[in-house]
Every structure is written in C-alpha cells, then in structure tokens.
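# Structural characterization, general
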Amino acid sequence: MSGYSKARDQRVADEHIGNVMACRTCRTMTDHETLQNLGGMCHPCFQHYCNPEPLTGPPMTADEKREILARVRSLIVPGALADKMRAK
Ligand SMILES: [Zn+2]
C-alpha cells in the first residue's frame, strides 16, 4: 500500500521537477519551454533584461535645449552676486 503511494509520489515529483528548472537570474522554478524561449530566464527577468531602465520619454529637441540654455544664461547676470554681497 504505502509502497505504491511512495512510488506514485516519486513519479509525480520526477515529472514535476523534470518540467521545471531554476531561472538563471532569480532562481525561480520555471518550466522548460519558457526557459528555452527566453534564454534561460523567467518572464519577469526577461522583461527586465529587455527593458532595464524605465522610459523617460523622447529626447529633447534642439529648440528645447536652446530654450533651457537661454533660461540658464538669463539667470547668470555678471556682477549680480557681487551686488548681492555688497547689499548686505
Ligand atoms: Zn527569473
């Protein structure tokens, strides 16, 4: 009785372990098909691999850069700091 049960448990365990392997990045047990398709990684790791940095939007245009430069230049007034210090 118990021999049969043990054999069945072993068979179920073998079957289960046979179909999954640890993800090479996070060690999460993942099925063979997924690992095969995603280069040995689970879904979350693969997504992180494909897109490690959150998107910050499109790069600035030349006009936007010029506008920022002009704004910074308008803040830098020669002598302004010296005037402030003299005012004290
Ligand atoms: Zn993973």
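Computed from a predicted model, the values in this text were never measured in an experiment. (Residues numbered from 1 in each chain as written. Predicted model: local features only at pLDDT ≥ 70, side-chain atom pairs only at ≥ 80, totals over all residues.)

## Here's the deal with the overall build of the chain
Here is the rule we go by: The numbering of helices and of strands both runs from the N terminus, where a helix is a DSSP run of H or I of at least 4 residues and a strand a run of E of at least 2. Once C-beta atoms are placed from the backbone, each residue is buried if 20 or more other C-beta atoms lie within 10 Å of its own, exposed if 12 or fewer, and partly exposed for counts between those two.
From N to C terminus, the chain includes five helices and two strands. Secondary structure elements of the chain, listed N to C terminal, follow the sequence α-β-β-α-α-α-α. Relative to its 88 residues, the chain shows a buried fraction of 5%.

## Quick notes on helix 4 (residues 62–75)
Operational definition: Given a helix with a known number of residues, its expected span is that number minus one, times 1.5 Å.
With 14 residues, helix 4 ought to run about 20 Å at 1.5 Å a step, and its terminal C-alpha atoms sit 20 Å apart, in line with that. Sparse coverage of helix 4 is indicated by the burial of zero of its 14 residues.

## Quick look at the environment of arginine 24
We count it as follows: What counts as a contact is two residues whose backbone-derived C-beta atoms lie within 7 Å of each other.
Here arginine 24 shows up in the loop between strand 1 (20–22) and strand 2 (29–31). The class of arginine 24 is partly exposed, set by 14 C-beta atoms lying within 10 Å. For arginine 24 and leucine 35, which are 11 residues apart along the polypeptide, the C-alpha to C-alpha distance reads 8.8 Å. Apart from the residues lying within four places of it in its own chain, the contact partners of arginine 24 are Gly40 and Met41.

## Comments concerning the confidence of the model for the chain
The criterion, for reference: In predicted models, pLDDT denotes the confidence assigned by the predictor to each residue on a 0 to 100 scale.
Mean pLDDT over the chain: 84, with 90% of residues reaching 70 or higher. Looking across the chain, the model is least confident in helix 5 (residues 80–87), with a mean pLDDT of 72, and most confident in helix 2 (residues 32–37), with 94.

## Brief notes about the environment of histidine 43
Residue placement: histidine 43 occurs in helix 3 (residues 43–50). On the basis of neighbour count, histidine 43 is assigned to the partly exposed category, with 13 C-beta atoms found within 10 Å. Beyond its immediate stretch of four places on either side in the chain, histidine 43 contacts Thr34 and Leu38.

## Digging into the environment of methionine 41
Checked against the element boundaries, methionine 41 lands in the loop between helix 2 and helix 3. Sequence spacing of methionine 41 and arginine 24 is 17 residues, and the spatial spacing of their C-alpha atoms is 5.8 Å. The residues touching methionine 41, leaving out its near neighbours within four places in the chain, are Cys23, Arg24, Thr25, Phe46 and Tyr49.

## Some thoughts on unusual backbone geometry
Generally, phi is negative for residues other than glycine and the peptide bonds are trans, each holding for most cases. At arginine 27, a residue that is not glycine, the phi angle is positive and equals roughly 70 degrees. Residue class for arginine 27 comes out exposed when judged on the 11 C-beta atoms lying within 10 Å of it.

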